[in-house]
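Here are the chains, one letter per residue:
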Amino acid sequence: MRIMKTILGLMILLSKPFRPFGLSTVRMMNEGSKVTVAVIGGGAAGLSCAQRLGSSDKFLPTVFDTGRLRPGGRCASRLPNDIAKDKNEKYSYLSKTTIDHAAQILTVPKGDGFLEFEKQVQEWEKRGVIKRYPKGKVCDIVNPYDRDTKKYDKTKIQIRSIKGDMYYGFNGMQSIPQAIKKEGNFELQQDVWISPSNGAKLVNSEGKKTMGTEG
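This is a predicted model, so every value here is computed, not measured.

Colleague: What's the story with the overall build of the protein in this structure? I'm lost.
Modeller: In terms of helices and strands, the protein carries four helices and 15 strands. Burial status across the protein gives 34% buried among its 215 residues. Carbon and sulfur atoms form 52% of the exposed surface of the protein, whose accessible area is close to 14100 Å².

Quick look at the structure:
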């Protein structure tokens with residue numbers, strides 16, 4: 001699953017200046033000359049985008065993410081003791097383990113265009129953010145299809161080892177966005193939803209407006 005091949009999350013350069021609630025007033029004063037940038041989506045791509053923008057002296061990025069507890073997007077994970085949104089949730093065993101919501105494997109695509117990403121993956125591995133799967137431990141389960149009978153032959157199921165280096169998050173795949181967040185110089189707004197309107201409107205999970213555009 002080539003999760004990092006995803007196109008960078010939608011980045012909106014607002015035509016009007018905005019001031020998200022919770023944004024440090026001191027930071028706004030010290031960096032008032034910078035261009036404010038809204039990055040919609042706190043997945044690995046959106047956080048990487050904000051990290052790159054925040055490393056310059058020109059931009060003041062803020063990431064808006066729908067994640068209730070932490071950012072992550074397709075790299076989001078449910079961790080032990082996470083508080084469920086539904087207080088009446090009956091599946092208590094879900095709170096006793098780490099569960100990846102989407103992506104479970106990270107690979108590095110071939111080609112010169114991914115050399116920088118390859119270096120980043122190596123750095124994550126060195127720091128313990130991700131771990132490498134042992135050789136031969138990730139497999140495809142193949143069920144041959146008989147074109148004559150138009151059925152799958154359950155007696156000929158094959159398990160084929162997948163070649164190449166593959167990685168997993170040390171503490172769930174959320175380890176990757178958490179590492180980017182820790183290193184990034186940007187604001188993060190959680191549990192919010194950006195919806196189209198006359199300008200921009202941001203609401204939290206309870207439907208309350210928390211941000212707008214200034215005249």
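Colleague: Honestly, the environment of Lys156 in this entry has me stumped. Any pointers?
Modeller: Looking at the secondary structure, you find Lys156 in the loop between β9 (151-152) and β10 (158-161). With 14 residues separating them along the chain, Lys156 and Val142 place their C-alpha atoms 8.5 Å apart. Filtering out sequence-adjacent residues up to four positions away, Lys156 remains in contact with Val142 and Pro144.

Colleague: Before we go on, may I ask you to explain unusual backbone geometry in this structure?
Modeller: Excluding glycine, residues mostly carry a negative phi; peptide bonds, for their part, are mostly trans. In this structure, Asn81 is a non-glycine residue whose phi angle is positive, near 75 degrees. Secondary-structure assignment places Asn81 in the loop between β4 (77-78) and β5 (99-100). Asn81 gets classed as exposed once you look at its relative accessible area, which sits at 67%. In this structure, Asp191 takes a positive phi of about 55 degrees despite not being glycine.

Colleague: Would you mind showing me how to read the nonpolar core here?
Modeller: Generally speaking, nonpolar side chains in soluble globular proteins are found buried as a group. Within the largest apolar cluster, 23 residues are counted, with the highest numbers of intra-cluster contacts made by Val39, Val63, Leu106, Val121, Trp124, Ile130 and Ile176. Elements with a contribution of two residues or more to this core: β2 (35-40), α2 (44-54), α3 (115-127) and α4 (175-183). Counting residues per element, this core draws most heavily on α2, at five residues.

Colleague: Can you help me understand α3 in this one?
Modeller: It helps to recall that an α-helix has 3.6 residues per turn; residues three or four apart then point in one direction. The end-to-end C-alpha separation of α3 is 19 Å, in line with the 18 Å expected for 13 residues at 1.5 Å each. The elements touched by buried residues of α3 are β6 (130-132), β11 (167-169) and α4. One or two residues past the end of α3 sits Gly128, with phi positive at roughly 85 degrees.

Colleague: Whenever I open this one, the environment of Leu188 confuses me. Can you help?
Modeller: The topology assignment puts Leu188 in strand β12 (residues 187-189). Measuring from C-alpha to C-alpha, the distance between Leu188 and Thr62 comes to 5.7 Å, with 126 residues separating the pair along the chain. In this view, Leu188 contacts Val63, Asp65, Pro71 and Lys181; residues no more than four positions away in its chain are not counted.

Quick notes on the rules
Residues numbered from 1 in each chain as written. Predicted model: local features only at pLDDT ≥ 70, side-chain atom pairs only at ≥ 80, totals over all residues. Heavy atoms only, no water. Helix = DSSP H or I, 4+ residues; strand = E, 2+ residues; numbered from the N terminus. Buried < 20%, exposed > 50% of the residue type's maximum accessible area, 1.4 Å probe, protein only. Areas by Shrake-Rupley, 256 points an atom, 1.4 Å probe, with all protein chains shown as cover. Contact = heavy atoms within 4.5 Å. Core = buried A, V, L, I, M, F, W, Y, C linked by side-chain atoms within 4.5 Å. Expected span 1.5 Å × (residues − 1).

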